[in-house]
Amino acid sequence: MEPVARLLVVADLLPPGAGEACRDALDLRARRGDDLASVRLVDAASVRGGLLVPEADETCLLASDLPGLQAQGEGGWTVEPEGEAGRALLAAGVLLDGGGAVVWPGRLGTELTPEAVTGALAAYADAVAAVGLEQPVLPVRLRGPVAARPRLRRAALDAIDRLRRRGLPLRVGPVELPPEVDLPAVGDLLVALLRLHLEGHEPTLRVPATGEAWMDAAAHVFAGDPVTPERVTRLAEAWAALPDADAARARLRRLLDEAPRTAALRALRDVPSKRREAGDASPVPRAAGVLGPASTWQDAAARFSQAFRPTMFMVPTWQCELRCTYCTIPKQAGREMTPATAERAVDLLLSSHAEALTLHFFGGEPMENWPVVQHAIAYGLEQAGQLGRDLDFRITTNGFSLDEARLDWLASRPVAFQLSLDGDAEVQHLQRPGREPGWDSYAHSPATHARAVLDRGFAVDAIMVVSEKAVDRLVDSFFHLAGLGFRRIQLNYAMGRIWSPEGSAAFGRELFRLGLELQRRWADGSCEALLVNLGESLREVRTNDHVTVDWDGHVYGSTSFLYTPALAKGNLLGHLDEGHGFDHYAFGSYDKDHVTRFSFREKVVKNNTDVGSAMTTFVRWMRDQGWTGPQVVGG
């Protein structure tokens, strides 16, 4: 059959035999009737003026990062393949250039995406496998634009991981770092290579000596030998011993801190279920060898598998404009985070090997220290861009310090809000009076700022706390918030205080009354607000069990130290000065009950658990009825 399209391949830049194998595979599939392209093999001498020039009937290429390639694409040279296999192959351009994979958009002039990288490498592996090669060669060489653009670099590594997890036979070629490589590339790559090691491969790393102490230390530790947890640990120790005690040294330490452990947790997470069912779980024993006894890492593995977007809390200040009757946080003046500490906290979060991360400002009232919040966001976005991380922000605020100028500044950044408002003016004054006599806490609350926030397009959760003082106003308060335009409302009960049996019973009754009223209003279309609790995990005691950095740089395993400072030591994980990375704290060996044990006194926890059981019973009942939101009930 006539090929749908022809591909241009620079053959002498491919590994030996790879170009011919790709061509033969495509021709074989074409003869079988597959809608695939034929291949024209050329050499680098055919490239004129730094451009790959196609013939008239050629509509795609597999090409390197040659100068001017993007300009060629801007001329409108595009690909319109036919057939599923053709689309997969032509989705992106891939060159395996002696040392490894270099990736360019298949539809030239467009932005490369992780999906395009994955599709291109998968198509290449399928093509090579089709002609009977047992081990497709997918080595990696970080060079050119892939090394310079962190998101593309991470996408290429992730694509190879996905191919490996698909069970495709894979031989890992030697990996070579270019002299201009940046620190994040080393961290990302070492974790990827450690994962391959845990699956039985022996990946090697060649690091050029550049005269830079950190690069020369890596060249000495690896020297072309296989990348193993022991060698990565040796490199971490070598980097920690470097004499230049500055921010770069701290970043070096965090970069490799827990890298073997992170790789082991990823290997355990990524063992495909089909392979487990077939009895092939090869990473498990090797990962256990890195992690130690299962009792010390099972909870960490569970947290790791659920952490699709790890979050870190930051406490810029303990101070607040309100004196909520149910809040147990001591409002101590002088506990104000400095910009320097905020930067180190951001650096801690960005040392995570996760691509997408969230920084959550908490307190106290974080907006009371607006200069630090503003600085942390600006610094975080700058550093995330350099490191190839996707960083966004959340702010839990009472709204007192919001104004037009601050909202305008935040609106141009990836910021979401949790706005605290307990009900109408009467309920707000009852539960959340101002710090100073005469302050109107409702007039300065999110009720006043709702329109300004929502009109700017912020993602918003309204947080409504129910205390025993106003439990009989629960239903009215919820619909007051809904009437202000909030479409996502989270309902919390006041924790840290002892509820009476009568108050607890009233809380349960009011919840079920709310459920019936929600069902009625969702059905007739008069309410569009969603009760966030209906989509959450069921926990009697609600806690923020995330890594939290306090104003002075101490690192905790949750925000509970704020509510009961006397128990804070039990939740203390360390200090920023120790130089650990984020994964060290986020996926450490503490067990799943540690937050509850060190949140409140045992008597309070037992009482609050009984109150919380009313909420879990209510959520189960709503789910059983199918009443989870207006889009369900209202049809």
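Quick summary incoming for the structure in this document. All values reported here derive from a predicted model rather than from experimental measurement.

Cut-off values and rules
- Residues numbered from 1 in each chain as written.
- Predicted model: local features only at pLDDT ≥ 70, side-chain atom pairs only at ≥ 80, totals over all residues.
- Heavy atoms only, no water.
- Helix = DSSP H or I, 4+ residues; strand = E, 2+ residues; numbered from the N terminus.
- Buried < 20%, exposed > 50% of the residue type's maximum accessible area, 1.4 Å probe, protein only.
- Contact = heavy atoms within 4.5 Å.
- Areas by Shrake-Rupley, 256 points an atom, 1.4 Å probe, with all protein chains shown as cover.
- Salt bridge = Lys/Arg side-chain N within 4 Å of Asp/Glu carboxyl O.
- Polar contact = N/O pair within 3.5 Å; in protein donor to acceptor, adjacent residues only side chain to side chain.
- Arc of directions from axis to C-beta.
- Axes fitted to C-alpha atoms, helices over the stretch in contact; angles between N-to-C directions.
- Parallel < 35°, antiparallel > 145°, perpendicular 65-115°, else oblique.
- Left-handed = near helix turned anticlockwise from the far one by under 90°.
- Phe/Tyr/Trp six-rings, centres within 6.5 Å; stacked < 30°, edge-to-face > 60°.
- Lys NZ or Arg CZ within 6 Å of the ring centre and 35° of its normal.
- Pairing = 2+ DSSP bridges.
- Disulfide = S-S within 2.5 Å.

Looking at the overall build of the chain
When helices and strands are tallied, the chain shows 25 helices and 17 strands. Residues classed as buried in the chain amount to 54% of the 635 residues present. The long-range share in the chain, meaning contacts at least 24 apart out of those at least 6 apart in sequence, stands at 74%. Counting every atom, the chain has about 26000 Å² of accessible surface; 51% of that belongs to carbon and sulfur.

Here we look at unusual backbone geometry
Of note in the backbone geometry, Glu 258 takes a positive phi value of approximately 70 degrees without being a glycine. Along the chain, the position of Glu 258 falls in the loop between helix 10 (247-256) and helix 11 (259-269).

Considerations on the pattern of salt bridges
Applying the stated criterion across every chain, the model contains 20 salt bridges. A salt bridge links Arg 261 to Glu 258; the nearest nitrogen and oxygen atoms lie 3.6 Å apart. Linked through salt bridges whose partners overlap, the residues forming this network are Glu 517, Arg 520, Arg 521 and Asp 524.

Remarks on the environment of Arg 344
Position of Arg 344 relative to the elements: it lies in helix 15 (residues 339-350). Overall, Arg 344 belongs to the partly exposed group, its relative accessible area being 29%. Measuring from C-alpha to C-alpha, the distance between Arg 344 and Gly 579 comes to 9.6 Å, with 235 residues separating the pair along the chain. Non-local contacts of Arg 344, meaning those with residues more than four positions away in its chain, are made with Arg 254, His 575, Leu 576 and Asp 577. Within polar-contact distance, the side chain of Arg 344 engages the side chain of Asp 577 at 2.5 Å.

Brief notes about helix 14 (residues 298-306)
Listed as buried for helix 14 are Ala 300, Ala 301, Arg 303 and Phe 304. Down the axis of helix 14, the buried side of the element spans an arc of 165 degrees, and every buried residue falls inside it. Residues of helix 14 that are buried sit in contact with helix 11 and helix 22 (582-586).

Brief notes about the environment of Thr 338
Tracing the sequence through the fold places Thr 338 in the loop between strand 8 (311-314) and helix 15. A C-alpha to C-alpha distance of 6.7 Å links Thr 338 and Val 372, two positions 34 residues apart in sequence.

A closer look at the packing of helix 16 (residues 370-387) against helix 17 (residues 404-411)
Packed helices, taken two at a time, are described by their axes: the angle between them and the distance between them. Following both chains from N to C, one finds helix 16 and helix 17 inclined at 15 degrees, their axes separated by 12 Å at the closest point. Accordingly, the angle class assigned to the pair helix 16 and helix 17 is roughly parallel. Judged by the sense of rotation from one axis to the other, the crossing of helix 16 with helix 17 is left-handed. The segment helix 16 lies against helix 17, with Trp 370, Gln 374, Ile 377 and Ala 378 engaging Arg 406, Trp 409 and Leu 410.

Remarks on the packing of aromatic side chains
Summed over all chains, the structure comprises 16 aromatic pairs. Residues Phe 313 and Phe 362 carry aromatic rings whose centres are separated by 5.5 Å and whose planes lie at 80 degrees to one another, so their mutual orientation is edge-to-face. You can see Phe 313 sitting in strand 8 and its partner Phe 362 sitting in the loop between strand 9 (356-361) and helix 16, a full 49 residues away along the chain. Across the pair, exposure class does not vary: Phe 313 and Phe 362 are buried alike. With a centroid separation of 3.8 Å and an interplanar angle of 10 degrees, the aromatic rings of Tyr 556 and Phe 561 are classed as stacked. A connected cluster of aromatic rings, assembled from ring pairs, spans Phe 512, Phe 618, Trp 621 and Trp 627. Over the face of the ring belonging to Trp 318 we find Arg 335, whose NZ or CZ atom lies 4.2 Å from the ring centre. One cation-aromatic arrangement involves Arg 521 over Phe 479; the distance from NZ or CZ to the ring centre is 3.8 Å.

Remarks on the side chain of Ser 467
Of note, Ser 467 is situated in the loop between strand 12 (459-466) and helix 20 (474-483). Looking at Ser 467, the relative accessible area reads 5%, which means it is buried. A distance of 2.5 Å separates the side chain of Ser 467 from the side chain of Gln 431, its partner in a polar contact. Not counting chain neighbours up to four residues away, the residues in contact with Ser 467 comprise Tyr 326, Gln 431, Ala 494 and Trp 499.

Comments concerning the sheet that holds strand 13 (residues 488-493)
Strands in a sheet are paired, the pairing made by backbone hydrogen bonds, and the direction either parallel or antiparallel. One open sheet holds the 10 strands; their spatial order is 14-13-12-11-10-9-8-15-16-17, and the pairing between them is mixed. Of all the strands in the sheet, the pair left with one neighbour each is strand 14 (530-531) and strand 17 (572-575). Pairing analysis gives 2 bridges linking strand 15 (residues 547-549) to strand 16 (residues 554-556), with the strands arranged antiparallel. Bridge pairing in strand 16 links Thr 548 to Tyr 556. Most of the contacts of helix 15 go to strand 8, to which it runs at about 170 degrees, and overall it touches strand 8, strand 9, strand 10 (390-397), strand 15, strand 16 and strand 17. Across the sheet, helix 24 (residues 602-625) touches strand 13 and strand 14, and the angle it forms with strand 13 is around 145 degrees.

Some thoughts on the state of the cysteines
Under the criterion given, the structure shown has 0 disulfides. Here Cys 324 stays free of any disulfide, with the sulfur of Cys 327 as its closest cysteine sulfur at 5.9 Å. Judged by its relative accessible area of 12%, Cys 324 is buried.

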